[in-house]
Protein chains: 2
Amino acid sequence: MSDRPPSNARPSNFEIVCRTGCARLGRLKTLHGTFETPIFMPVGTNANVKLMRSDDLKRVGASIILSNAYHVAVRPGLEVIELHGGLHNFMAWDGGILTDSGGFQMFSLKNFRKVSDEGVTFVSPYDGSKLFLTPELSMDIQRTLGSDIVMVLDHCPPIDVGYTEALDATRRTHEWAERCLKRGVKEGQLLFAIAQGGAFEDLRRASARYLSEKDFDGFAVGGLSLGEPFEMTLRLAHATVSELPDDRPRYFMGGGSPRTIIELVAIGIDMFDSVYPTRLARHGAALTSEGRLNIKASRYRKDLSPIDHRCDCLVCRNYTRSYIHHLLNRGETLAGMLLTYHNLYYMFRFMERVRESILNGTLEEMRREVAEIYEERRGSPVDVLALDYNGARRHS
Amino acid sequence: MSDRPPSNARPSNFEIVCRTGCARLGRLKTLHGTFETPIFMPVGTNANVKLMRSDDLKRVGASIILSNAYHVAVRPGLEVIELHGGLHNFMAWDGGILTDSGGFQMFSLKNFRKVSDEGVTFVSPYDGSKLFLTPELSMDIQRTLGSDIVMVLDHCPPIDVGYTEALDATRRTHEWAERCLKRGVKEGQLLFAIAQGGAFEDLRRASARYLSEKDFDGFAVGGLSLGEPFEMTLRLAHATVSELPDDRPRYFMGGGSPRTIIELVAIGIDMFDSVYPTRLARHGAALTSEGRLNIKASRYRKDLSPIDHRCDCLVCRNYTRSYIHHLLNRGETLAGMLLTYHNLYYMFRFMERVRESILNGTLEEMRREVAEIYEERRGSPVDVLALDYNGARRHS
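Residues numbered from 1 in each chain as written. Chains lettered and ligands numbered in written order. Predicted model: local features only at pLDDT ≥ 70, side-chain atom pairs only at ≥ 80, totals over all residues. Heavy atoms only, no water.

- With an unreviewed UniProt entry as reference, chain A is termed Queuine tRNA-ribosyltransferase, source organism Pseudothermotoga hypogea DSM 11164 = NBRC 106472.
- Per UniProt, the comment on chain A under Catalytic activity (unreviewed entry) is "7-aminomethyl-7-carbaguanine + guanosine(34) in tRNA = 7-aminomethyl-7-carbaguanosine(34) in tRNA + guanine". (UniProt positions renumbered as here; feature names shortened; annotations may be inferred.)

This is how it looks when you write it as structure tokens:
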């Protein structure tokens, strides 16, 4: 069923332009544009990035977003997406879309699923209806969605499972990856594998090595950023990356705070997604050149500064912290809209600076700067990421 | 304390360009622009029109909005507004602002106030704090806010009070209007009186006549659109208007469905405000050339049309009913954002058509058309306005 020519007949969709240490500045070509990496993808679970119209997404600088095949297949259902001719038309977004397969929902919706080697059964918490998701069905769904980047169905276990369970999930992930590859994607769609391995470095390496030999367009580090200490995230991500092919894009799933990004870029990661900036916004917090600010705090009541005096976004050019504090205080949704807009704008400027720092060889300076900004306010690197771990689950 | 020259020394701020029957096409000059009337003002109670950034308000065609002096004075408090140099800067809005005085909150927050001839005491339902609002204080507050149009403090009773109570509220409203006039506004601010009179035509006429003799820049019809049948609204508004000076703008407070507007324009009203289009939007309903549509209804699940095939707004150019139905179904706030944008765009195009119909002498045709569009779907004119009466309190 695959429309794809074999990989040796296909030109690579990924090109590395420049390196600093292990960090790479690259270009990834998709059906909806060529994107510079390292790149950040905002999360649009239900076929929308919360509180952002698609024209505003463009305006802040988003070029590719993540959506969730499982969620969209349940509601509104594939027949609705098919009528629109795909997810892009449905959500009026002509940039890139990466769709996650449903593997992560096996983690995040754990009370509502049963896993076997054949596939995973989800029971809807809304109406009790069942969906039996197999690797093949996941490919077919993402083919219908018309995603630019298709993720294999993986088995993502909690980070604290023992060796046997981690091994089992990894084995299943590999079998499923091969079934996905066999089922194939549409011409032009890119197919990414997901390396698992739990909290065990040897499994992480083995998983990456195993998948590397298959014909995937890119490779993801899965099953991390799930609550573990940041040092552990880095160590396990590094174990994975060290066995991945150099010439393919590497995607770290579900992590996207500035600190997470800069540290993982330094070990050779190219792509990130996270609800971090958008969820922070809905909780009244802003990402700024001074670090993370809780605009709800009473000290901002009379603060006439913009959210970030070094930011030139629409929100910072027009509104004061005092105004946004007032909106938060009154429970006005406009606060979340303005903060989401700003936080995403901040993230895309941040990614521009990351790419420039690779080009200019100043990544180390930028790492130190980011660590300082966040440490000053958050105590330790682990604290910095507390929300990323606990609050901001990847895309549940 | 008034900075205003006496009225005979001031050029009029209102000019009537053209008439059809009793309807008037006019121009109203304020500190923040000259506005064509009949005009619709969206409601921004807490210093924001819900779910709309100020740049989007501009984009849909808003030129003047209503905000609430009482609400804003309580939160964030006048000292915060003063620091910003006024409400315009605070909310990043350089169009016009009309502020209501707090009189309506005597109606809508009835469990939390005590009225005497001296003024009204509001007790905050949040923290029990008290605000003693007098006509003088209301003027001082609106002076600080820097509103383009300042409303006098009135006593707005429920529509079903008896004659004695209505008379008493009307008398008090008159006394307060004179105290407001004496206290005065800032140079360039316009001061509007509010005619009351309950459900009694003779009181309505007397109130309008009494206030007409005073030096106000405009006159409002207050205390209507509070749940009474539409025929009664029209009759009482007509009684008021028939005694108002021809050469001043007339503002109907708190009514703003298309049907309300077209019928009241026909008896000579120039200005409207209502939460109708924005509140409808947050409840999943759209205003269209086919009438009001409840986009939540399952019949829109696979409907690939725009909200309104005759609308060229950003939302109708990009999104389908099916997509917005999906967002509503998933409880995504983006649905309310898109519907608010569209409904306001619809209202401003509607007002343009109203003004054109006065210019072209086709107001009668437009009245019939509006009655048909809404009757078809809503049964009777009273039904059409059900939400306007019951759900959409003026600006509570």
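### Some points on the pairing of strand E3 (residues 33–37) of chain A
Residues and elements named next belong to chain A.
Part 1 of the reasoning: Pairing analysis gives 5 bridges linking strand E2 (residues 23–30) to E3, with the strands arranged antiparallel. By the bridge assignment, Gly26 is partnered in E3 with Thr37.
Part 2 of the reasoning: The antiparallel hairpin formed by E2 and E3 contains 2 residues in its connecting segment. (Pairing = 2+ DSSP bridges. Helix = DSSP H or I, 4+ residues; strand = E, 2+ residues; numbered from the N terminus.)

### Some remarks on the UniProt feature "binding site: substrate" (unreviewed entry) in chain A
Residue and element names in this part refer to chain A.
Part 1 of the reasoning: UniProt tags Asp100, Ser101, Gly102, Gly103, Phe104, Asp154, Gln196 and Gly223 as "binding site: substrate" (unreviewed entry).
Part 2 of the reasoning: Mapped onto the elements of the fold, Gly103 is located in the loop between strand E6 (96–100) and helix H4 (105–108).
Part 3 of the reasoning: Within the element layout of this structure, Phe104 appears in the loop between E6 and H4.

### Considerations on the side chain of A:Arg53
Part 1 of the reasoning: In this structure, A:Arg53 sits in the loop between strand E4 (39–42) and helix H1 (54–60).
Part 2 of the reasoning: Within polar-contact distance, the side chain of A:Arg53 engages the side chain of B:Asp56 at 3.0 Å.
Part 3 of the reasoning: When sequence neighbours within four positions are dropped, the list of residues in contact with A:Arg53 reads B:Arg53, B:Asp56, B:Arg59, B:Leu314, B:Tyr319, B:Leu334, B:Leu338 and B:Tyr341. (Polar contact = N/O pair within 3.5 Å; in protein donor to acceptor, adjacent residues only side chain to side chain. Contact = heavy atoms within 4.5 Å.)

### Topic: the sheet that holds strand E9 (residues 130–133) of chain A
Residue and element names in this part refer to chain A.
Part 1 of the reasoning: Judged by pairing direction, the sheet is antiparallel, and its 3 strands sit side by side in the order E7-E8-E9 without closing on themselves. Where the open sheet ends on each side, the last strands, each with one partner, are strand E7 (113–115) and E9. Taken over all neighbouring pairs, the strand axes of this sheet differ in orientation by 15° on average, direction set aside.
Part 2 of the reasoning: Where strand E8 (residues 120–123) and E9 come together, 4 bridges link them in antiparallel fashion. (Axes fitted to C-alpha atoms, helices over the stretch in contact; angles between N-to-C directions.)

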